[in-house]
Amino acid sequence: MYRNYFKTAYRHLLRHRGFTFINISGLALGITACLLIGLFVYDELQYDKFLPEGDRVYRVYNDKSAEEAGEILAVVPPMFGTSLEQSVPETETVTRILMLQFDAKNLVDYGEKSIYEIGRFYVDPTFFEVFQLPFIYGSPEKALDDPSSIVISDAFSERVFGDVNPVGKEVSVNKLPYIVRGVFSTSERFHLPVNFILPMAAAELDAERMKSWSWQQFYTYVKLREWADPQAAQAKLRDIVKKQIDPDRNVPYQYRPFLQPLHEVYLYSSAFKYNRFNQGNITYVKALSTIAVFILLIACFNFVNLATAKSTQRAKEVGVRKAVGASRGQLMLQFLGETVLLTLVSVVFAAALASLLLPSLNAFTGKGMTFNVFTHPSLLLLLLGLTLLVGILAGLYPALVLSGFRPVKVLKSAVVIDSSIGKIQWLRHGLIVVQFALSIFLIICAMIVYRQVSYLHNKDLGFNKDQIMFFQMRGENMFENYETFKNELKKGPGIQEVSIGYGFPGDATAGDRVIVPKGGEQVHHGVTLLMVDFDYLGTLDMKVVAGRPFSKEFKTDADQAYIINETAVRELGYGTPEKALGQPLLWPTWDNQDSLREGKIIGVVQDFHVASLYDKVEPTVLQIYPGANVKVAVKIGSGNLAASIAHVKEVWDKFSPDYPIEYIFMDDNFQKMYEAEDKLKSLLTIFTGIAIFVACMGLFGLAAYAAERRKKEIGIRKVMGAETSSIVALLSRDFLKLVVVAALIAFPLAWYAMRQWLQDFAYRIDIPVWVFIVAGMVAALLAFLTISYQAIRAATANPVMNLRME
């Protein structure tokens, strides 16, 4: 019996090669997209799950609640960790990581080898108790007790030491010697981009600052005891923080600590400020998962549509089988078997196509995903399960319809029409509507994402980021003679301006507080603090809207002057830029928080973005502060760029010959901020194209069926003098009506989805009406072109050939 089913299915598929090709290719494309998206989503969901006892590890973060709006900070003061360890009984272990630029280059010297490495971490000695990374050489016990110790990753060890055991060897990091105490193995799916680890003691932090309740500078992780309730531990920490932070500081916000499960840190922290670790975005994971489901549904709907459309041609086959004794269950088994066979062929093609495309996806996403059913048997089980699932879901309704034909009715009828086998036509129309509704939904989303990403890259940032060479200062001689170094740089060809400081747009900035004397009180305000020099505004082409820029002609500008932005004017309560001029401003210095630097506001600059457009422009204060000079920005003209860069390198070598120069351009920094959005735009465009193509393939098959079913009608119309255009319109009209219905369904859904996505951006586009109109027109045009091919072919056929069959 089963052999007969297989032979029948095989012959049916060969007899209808066009429909078979459309079904197999549509399903294969849909399953390929699902497999690739599924691999990406699975990889994203695996972050930090390799760590033993990771379900007991939590990151402490701060919710900074203010009167108007709050912000979430990934960093907390050092005393949060101390309090958890000393006063919260649910705590087993706490470790802290000093906030740094983890992608900053560090010069590593070993013997004659000298290379730059990123991923430097200063951590508490308890780091490996919380993050139980496997050690290849050495042991995690007491590995970080000595300030001169360093623990390195296996990749770092291979680059620097080769294949030998480096434990006990001395290596220099930024010209400081350290002894290797261990080599650990990490994973690509670790949210901490750690490459080498130094003890917190090596950072030589001030002991008094480590007792601070306001210095937001540490990523803090707590490992709770097995019996602990994280909510109870969180509540106790909040009580401690509330009691310790002085309520009389007159600060218009408060901090509320939260415990975030380790397994959520990677995907659920995109809105966190100062989160400088590897991070994904759960919104994008969900969006891609939804797209995968959409594509698979469209492919399955194609099969259901085409199978039910062809059902009229198999009605007599069913009638004969039933007449000779076949039961409905046997017929359903036969037709489901055909569907599963078709799906199996599609899955095989999809698996091969996914294997071919995976290297390109890895290169695009920067991942190392693998797809090999021989090394991962679970993948083979997944593919088999997918075959059965898709085959049964796609074939169940057609099997029910086909097996339900009444033999007497179908055998005595010369022609079997849709109305004689149930509401198949309504089903097909409904599935077409759903297919094109999903396609139009994706078209609208792709267009809006494209416009928002373009807006991110092209919005006026309030300064000029073009042609600015940007690098970090290195070497004692350069720091001590930074003015001479700066003057030498200015002498080069094409060098227009040079600025040295800390807090350039697109780079690390300092979140701090300033004090505004008001009505006899000192009101504290959180601000972004930029440490600049006299040429900062000129180098970045910033616009002064009131007052004046810093000037060496005013001696007090070096230590008693502030410039603020327009947002600071509003939030610090000055009213207008003109009224802010001359107002006093105090700053608790970094050297001594109890010492206030007094000064006055000398100028107001137009608002400018120091971070991505996810974040609102914050109140920003600029001041001259040579003690923070660590970065250099060189404004280069549009002439001979190569000569200008060569000059910068020559001056660098004169002041810091022991360090190779590492530079970037500022606009590249901003480009990197939106890598995730750029990738989303590309992926959405590709998968939208696949969805539309699969939907159009199904429509192509249905149009071919419609033309075949109505060929005698078309022949009569041709004989009666009908024009080709009228016949094309006749065959196209019904399908185009369905596309219009699909558009009306898709429009509100797409508007809501995109509105929710855009809420993540502080600066975003408005959703224009024309996007919906264009999306509907594109879908209608594609549908018309797909249908018109079959319609024109039917309309231009010789009517005699169609009518002589009567």
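Residue positions within a chain follow its written sequence, with the count starting from 1. Owing to the predicted nature of the model, reporting of local features is limited to residues with pLDDT of at least 70; listing and counting of side-chain atom pairs is limited to 80 or more, with chain, interface and lining totals taken over all residues. Each side-chain value is worked out from all heavy atoms of the structure, with water and hydrogens disregarded.

Before going further, it helps to spend a moment on the overall build of the protein chain. A tally of regular secondary structure across the protein chain gives 26 helices and 24 strands. Among the 806 residues that make up the protein chain, the fraction classed as buried is 52%. Long-range contacts, defined as pairs at least 24 residues apart, comprise 80% of the intrachain contacts of the protein chain with a sequence gap of at least 6. Here the Shrake-Rupley method, with its probe set to 1.4 Å, supplies the accessible areas, and only the displayed protein chains count as covering residues. Carbon and sulfur atoms make up 56% of the accessible area of the protein chain, which amounts to about 36700 Å² in all. Strands here mean DSSP runs of E at least two residues long; helices mean DSSP runs of H or I at least four residues long; both are numbered from the N terminus. Categorising residues by exposure relies on relative accessible area from a 1.4 Å probe, with only protein chains included: less than 20% of the type maximum marks a residue as buried, more than 50% marks it as exposed, and the intermediate range marks it as partly exposed. Throughout, a residue-residue contact means that at least one pair of heavy atoms, one from each residue, lies within 4.5 Å.

The element helix α3 (residues 78–87) is largely enclosed, with a buried count of seven among its 10 residues. Along α3, the positions that sit buried rather than exposed are Pro78, Met79, Phe80, Gly81, Thr82, Ser83 and Leu84.

In plain words, nonpolar cores are sets of buried Ala, Val, Leu, Ile, Met, Phe, Trp, Tyr and Cys residues tied together by side-chain atoms within 4.5 Å. By size, the foremost hydrophobic cluster in this structure holds 112 residues, and its most contacted members are Phe436, Ile440, Tyr536 and Leu622. The dominant element in this core, judged by the number of residues it contributes, is helix α13 (residues 424–458), at 17 residues. If near-sequence neighbours (up to four positions away) are discounted, Ile440 is found in contact with Val739, Ala742, Ala743, Ala746, Phe747, Ala775 and Ala779. Judged by nonpolar contacts, the second largest core, of 72 residues, contains Leu73, Met79, Phe121 and Phe196.

Looking now at a nonpolar patch on the surface. Two joining distances apply to patches: 9 Å for like charges and 5 Å for nonpolar side chains (Val, Leu, Ile, Met, Phe, Trp, Tyr), and every residue must have over 30% relative accessible area and no salt bridge. Any Lys or Arg side-chain nitrogen found within 4 Å of a carboxyl oxygen on Asp or Glu counts as a salt bridge. Taken together, Leu344, Val348, Leu380, Leu381 and Leu384 make up a surface patch of nonpolar side chains, about 460 Å² in accessible area. Listed by contribution, the elements that provide at least two residues to the nonpolar patch are α10 (328–365) and α11 (377–403). When residues in the nonpolar patch are grouped by element, the largest group, three residues, is from α11. Structurally, the position occupied by Leu380 is in helix α11. Leu380 sits in the partly exposed class, given a relative accessible area of 42%.

Quick look at the packing of α3 against helix α6 (residues 230–244) now. When two helices pack together, their arrangement is captured by the angle between the axes and the distance separating the axes. All axes here are fitted lines through C-alpha atoms, helices being fitted over the stretch that makes contact, and every angle between N-to-C directions spans 0 to 180 degrees. Two numbers describe how α3 lies on α6: the axes approach to 10 Å, and their chain directions differ by 120°. By the criterion of interaxial angle, the relationship of α3 to α6 is oblique. By crossing handedness, the relation of α3 to α6 is classed as right-handed. For the pair formed by α3 and α6, the contact residues are Phe80, Ser83, Leu84 and Ser87 on the first element and Leu237, Ile240 and Val241 on the second. By the convention adopted, Pro, Cys, Tyr, Trp, Phe, Met, Ile, Leu, Val and Ala count as nonpolar, Lys, Arg, Asp and Glu as charged, and the other residues, Gly among them, as polar. Among the residues forming the contact of α3 with α6, the class breakdown is five nonpolar, two polar and no charged. What sets the label is the angle itself: under 35 degrees gives roughly parallel, over 145 gives roughly antiparallel, 65 to 115 gives roughly perpendicular, and the rest give oblique. Take the far helix as your reference; a near helix turned counterclockwise from it by less than a right angle gives a left-handed crossing, and one turned clockwise gives a right-handed crossing.

Now for the sheet that holds strand β23 (residues 631–636). Here, strands pair whenever DSSP counts at least two bridges between them. In space, the four strands of this open sheet follow the order β15-β23-β14-β24, with antiparallel pairing throughout. Two strands bound the open sheet, and with one partner strand each, they are β15 (495–501) and β24 (663–665). On average, each strand axis in the sheet is tilted by 20° relative to the strand beside it, whichever way the strands run. As paired elements, strand β14 (residues 468–472) and β23 share five bridges and run antiparallel to each other. What sits directly across from Phe470, in β23, is Ala633. In the packing of helix α20 (residues 641–655) onto the sheet, contacts are made with β14, β15, β23 and β24, and the angle to β14 comes to roughly 20°. Its contacts with the sheet put helix α21 (residues 666–673) on β14 and β24, and the angle it makes with β24 is roughly 75°.

If a probe as big as a water molecule is rolled over the atoms, it shows which places are left empty. The method works on a 1 Å grid over the protein atoms by themselves. A cavity is a set of points holding a 1.4 Å probe that cannot get out, a pocket is an open set with protein on both sides within 12 Å along at least five of seven lines, and residues with an atom within 4 Å of a point line them. Grid points are joined across faces, edges and corners, and a volume is the space filled by probe spheres set on the points. As enumerated under the stated definition, the model contains two cavities of 30 Å³ or more in all. Every residue lining the second largest cavity is listed: Leu36, Ile37, Phe40, Leu288, Leu361, Leu683 and Phe687. When contributions to the lining of the second largest cavity are tallied by element, the ones reaching two or more residues are α2 (17–45) and α22 (675–709). For the lining of the second largest cavity, the leading source of residues is α2, giving three residues.

With a phi close to 60°, Lys142 is a non-glycine residue in the positive phi region. Within the secondary structure layout, Lys142 lies in the loop between β7 (135–138) and β8 (149–153). Phi at Gln467 is positive, roughly 60°, even though this residue is not glycine. Among the secondary structure elements, Gln467 is positioned in the loop between α13 and β14. Classification of Gln467 as partly exposed rests on a relative accessible area of 29%.

Note: pLDDT gives the predictor's confidence per residue, expressed from 0 to 100. Of the residues in the protein chain, 84% have a pLDDT of 70 or more, and the chain-wide mean is 84. Every residue in residues 414–423 scores below 50 in pLDDT, and together they form 17 contacts with partners more than four places removed in sequence or on other chains.

Before going further, it helps to spend a moment on the state of the cysteines. The term disulfide is used for any two cysteine sulfur atoms that are within 2.5 Å. Under the counting rule described, the total for this entry stands at zero disulfides. Not part of a disulfide, Cys300 finds its nearest cysteine sulfur in Cys34, a span of 8.4 Å.

Tallied over the full model, the rule gives 24 salt bridges. One salt bridge connects Asp43 with Lys367, and the closest N-O pair in it is separated by 2.7 Å. With Asp43 in helix α2 and Lys367 in the loop between α10 and α11, this residue pair connects regions lying 324 residues apart in the sequence. Both residues of the pair, Asp43 and Lys367, belong to the buried class. Across the pair Asp124 and Arg96 runs a salt bridge, and its minimum N-O distance is 2.9 Å. Of this pair, Asp124 sits in the loop between β6 (120–123) and α4 (127–130) while Arg96 is found in strand β3 (residues 91–98), placing the two residues 28 residues apart along the sequence. Each of Asp43, Glu44, Arg189 and Lys367 takes part in one network of salt bridges that share partners.

Residue position: Phe218 is located in strand β12 (residues 218–224). As a C-alpha pair, Phe218 and Met99 span 119 residues in sequence and 5.5 Å in three-dimensional space. For Phe218, the residues in contact, after removing those within four places along its chain, are Ala74, Val75, Val76, Pro77, Pro78, Arg96, Ile97, Leu98, Met200, Leu205 and Met210.

Looking now at helix α15 (residues 482–490). Taken together, the buried positions of α15 are occupied by Phe485, Lys486, Glu488 and Leu489. Viewed along the axis of α15, the buried residues span an arc of 160°, placing them on a single side of the element. At its buried positions, α15 is contacted by β14, α14 (476–480), β15, β23 and α20. Along the arc lie the directions from the helix axis toward the C-beta atoms.

Turning our eyes to something else, we now look at the side chain of His524. Examined against the element boundaries, His524 turns out to sit in strand β17 (residues 521–532). Residue His524 is classed as buried on the basis of its relative accessible area, which comes to 11%. Any N or O atom pair separated by 3.5 Å or less is treated as a polar contact, with the protein-specific requirement of one donor-capable and one acceptor-capable atom, and with residues adjacent in sequence counted only for side-chain atom pairs. A distance of 2.6 Å separates the side chain of His524 from the side chain of Arg513, its partner in a polar contact.

Turning to the side chain of Asn629, a few remarks are in order. Looking at the element boundaries, Asn629 is found in the loop between β22 (620–624) and β23. Every residue in contact with Asn629, bar those within four places of it in the chain, is listed here: Met473, Phe479, Tyr482, Ile500 and Gly501.

Our focus in this paragraph is the packing of α15 against α20. Contact geometry for α15 and α20: axes closest at 9 Å, N-to-C directions at 155°. Relative to α20, α15 is oriented roughly antiparallel. Considering how the two elements wind past one another, α15 and α20 form a crossing that is right-handed. Counted together, Thr484, Phe485, Glu488 and Leu489 of α15 and His647, Val648, Val651, Trp652, Lys654 and Phe655 of α20 form the full contact between these two elements.

Along the chain, Ile448 falls in helix α13. A residue is classified by how much of its surface remains accessible, and Ile448, at 0% relative accessible area, is buried. Remark: the alpha-carbon pair of Ile448 and Ile765, spanning 317 residues in sequence, is separated by 8.5 Å. Every residue in contact with Ile448, bar those within four places of it in the chain, is listed here: Met754, Trp757, Leu758, Ile765, Ile767 and Val771.

Tracing the backbone through its elements, the reader meets Tyr536 in helix α16 (residues 536–539). Accessibility expressed as a relative area gives 1% for Tyr536, which makes it buried. It is 8.6 Å that separates the C-alpha atoms of Tyr536 and Ala633, two residues lying 97 residues apart in sequence. The contact partners of Tyr536, leaving out residues within four places of it in the chain, are Ser499, Gly503, Phe504, Pro505, Leu530, Met542 and Leu622.

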